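Chain and residue survey
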Amino acid sequence: MKIAIDGPAGAGKSTVARRLARELNFTYIDTGAMYRALTLKALQQGIDLYDSNLLQQLAEATDIHFQNHSGDQRIISDGVDVTDLIRAPQVGEAVSTVSSHPAVRAVMVKLQQAMAGKCSVVMDGRDIGEYVLPDADYKFFLTAGLEERAQRRVREMELLGYKSDPSAVREEMIKRDQIDSQRPVGALRVLPDHIVIDTSNMTEDEVLHAIMMKIQGA
Ligand code: DC
């Protein structure tokens, strides 16, 4: 079974997707983390983030996979655990540019499809329902108001130990939403078969419950 969860940053996708996967005993695949891992490597190598060819080669040459450590999912890039490093603000600022290249997306989508081919998955991202798992059993689109999403991102960054300026986070989110929804391939958009959930005034438990109700056909 394949469950796709799309939506903008701060809509609560990853927390809910992780919990849903645990509940169903499925594998959780955080595709945003994969684009972040590639972006981290590009930054470390000083690669021009607008050079589509070089980034495509980098994506092809990078071994990105997930590993489970007693229920905690880690992302491994070329053998190195980059789970914490990919959350750095510098990566957050650059990842929309890296992920906007169609050639990069083609490599990542193939990798994501191969991962999903092996087991039942809950996969979250931006283009999962449209490109990665077009035949997913369920497609959800989580969204929330900009203020709420920005506040959630600030809290998330604080928990990770990064001090962030709320108005800068809000501005960056607007910019990132724009890039993510206007790129030529894999743009963030609601599809006719997406089940849309506005999480603005919902707790995590309520979102999880709403999704479970749909899956169980209630
Ligand atoms: O979900 P996130 O904030 O960790 O995602 C990081 C970036 O990766 C975000 O700017 C959009 C991009 N992304 C994407 O283009 N396609 C996906 N399937 C997942 C994320």
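Description of the structure in this document. (Residues numbered from 1 in each chain as written. Predicted model: local features only at pLDDT ≥ 70, side-chain atom pairs only at ≥ 80, totals over all residues. Heavy atoms only, no water.)

1. Thoughts on helix H9 (residues 204-215)
So the rule is basically this: Counting from the N terminus, the helices are DSSP H or I runs at least four residues long and the strands are E runs at least two residues long. Helix span is expected to be 1.5 Å times the residue number reduced by one. Whether a residue is buried, partly exposed or exposed follows from its accessible area with a 1.4 Å probe, protein chains only, as a fraction of its type maximum: under 20%, in between, or over 50%, in that order. Arc, as used here, means the arc of the directions from the helix axis to the C-beta atoms. A contact between two residues is defined here by any heavy atoms of the two lying within 4.5 Å.
Helix length check: H9 (12 residues) gives 17 Å between terminal C-alpha atoms against 16 Å at 1.5 Å per residue, within 8%. Val-207, Leu-208, Ile-211, Met-212 and Ile-215 are the residues of H9 that are buried. Along the axis of H9, the buried positions cluster into a sector of 135°, meaning they face one direction only. On its buried side, H9 packs onto strand E1 (2-6), helix H1 (13-24), strand E7 (138-143) and strand E8 (195-198).

2. Here we look at the nonpolar core
Basically, it comes down to this: To qualify as a nonpolar core, a set must consist of buried Ala, Val, Leu, Ile, Met, Phe, Trp, Tyr and Cys residues joined through side-chain atoms within 4.5 Å.
Grouped together as the largest cluster of nonpolar side chains are 36 residues, with contacts concentrated most on Met-34, Leu-38, Ile-75 and Leu-133. Elements that contribute at least two residues to this core include exactly helix H2 (31-44), helix H3 (52-61), strand E3 (64-69), helix H4 (89-98), helix H5 (102-116), strand E6 (121-125) and helix H6 (128-132). Broken down by element, the residue count for this core peaks at 7 residues, all from H2. Those residues in contact with Ile-75, other than ones at most four positions away along the chain, are Ala-33, Met-34, Ala-37, Ile-64, His-65, Phe-66, Val-80, Asp-81, Val-82, Thr-83 and Ile-86. If you look at the next biggest cluster of nonpolar residues, it comprises 18 residues, including Ile-5, Leu-20, Met-212 and Ile-215.

3. As for the packing of aromatic side chains
Applicable threshold: Planes of paired rings set the category: under 30 degrees apart is stacked, over 60 is edge-to-face and the rest tilted, where pairs are Phe, Tyr or Trp rings (Trp by its six-membered ring) whose centres lie within 6.5 Å.
Enumeration according to the criterion identifies 1 aromatic pair in this entry. Relative to Phe-140, the ring of Tyr-138 has its centre 6.4 Å away and its plane inclined at 15°; by these criteria the two rings are stacked. Residue classification places Tyr-138 among the partly exposed positions, given a relative accessible area of 23%. Accessibility expressed as a relative area gives 0% for Phe-140, which makes it buried.

4. With respect to the site of the ligand
Heads up, the condition is: Near residues are defined by distance, with any heavy atom within 4 Å of the molecule or strand qualifying the residue. Here a polar contact is taken to be a pair of N or O atoms separated by no more than 3.5 Å, where protein atoms must pair a possible hydrogen donor with a possible acceptor and residues adjacent in sequence count only if both atoms sit in side chains. Each accessible area is a Shrake-Rupley result for a 1.4 Å probe, and residues are judged covered by the shown protein chains and nothing else. Charged means Asp, Glu, Lys or Arg here, nonpolar means Ala, Val, Leu, Ile, Met, Phe, Trp, Tyr, Cys or Pro, and polar covers whatever is left, Gly included.
Taken together, 17 residues sit near the ligand, with Arg-36, Arg-105, Asp-127, Arg-176 and Arg-183 positioned nearest. Separating a nitrogen atom of the ligand from a side-chain N or O atom of Thr-31 is a distance of 3.0 Å. Asp-127 places a polar side-chain atom, nitrogen or oxygen, 2.8 Å from a nitrogen atom of the ligand. About the coverage of the ligand: the protein hides 96% of its 450 Å² of free accessible area. Looking at the shell around the ligand, the elements with two or more residues in it are H2, H4 and helix H8 (166-182). At 4 residues, H2 tops the list of elements feeding residues into the shell around the ligand. The class makeup of the residues in the shell around the ligand is 3 nonpolar, 5 polar and 9 charged.

5. Regarding unusual backbone geometry
One non-glycine residue, Asn-25, lies in the positive phi region at around 65°. Residue position: Asn-25 is located in the loop between H1 and strand E2 (27-30). The exposure class of Asn-25 is exposed, given its relative accessible area of 71%. Positive phi, close to 50°, is recorded for Asp-78, a residue that is not glycine. By the element assignment, Asp-78 lies in the loop between strand E4 (72-77) and strand E5 (80-81). On the accessibility criterion, Asp-78 (38% relative accessible area) is partly exposed.

6. A short note on the packing of H2 against H3
Packed helices, taken two at a time, are described by the angle between their axes plus the distance between the axes. Heads up, the rule is: Fitted lines through C-alpha atoms give the axes, limited to the stretch in contact for helices. The angle between two N-to-C directions lies from 0 to 180 degrees. Should the near helix be turned counterclockwise from the far one by less than a right angle, the crossing is left-handed, whereas a clockwise turn marks it as right-handed.
As a packed pair, H2 and H3 sit with axes 10 Å apart at the nearest point and diverge in direction by 115°. Of the two elements, H2 crosses H3, and the hand of that crossing is right-handed. For the pair formed by H2 and H3, the contact residues are Leu-38, Lys-41 and Ala-42 on the first element and Leu-55, Leu-58, Ala-59 and Ala-61 on the second. Residues belonging to the contact of H2 with H3 are distributed by class as follows: 6 nonpolar, no polar and 1 charged.

7. Comments concerning the sheet that holds E4
Stated formally: In this scheme, strands are said to pair when DSSP sees at least two bridges between them.
Spatially, the 3 strands line up as an open sheet ordered E3-E4-E5, and their pairing is antiparallel. For this open sheet the edge positions go to E3 and E5, each flanked by a neighbour on one side alone.

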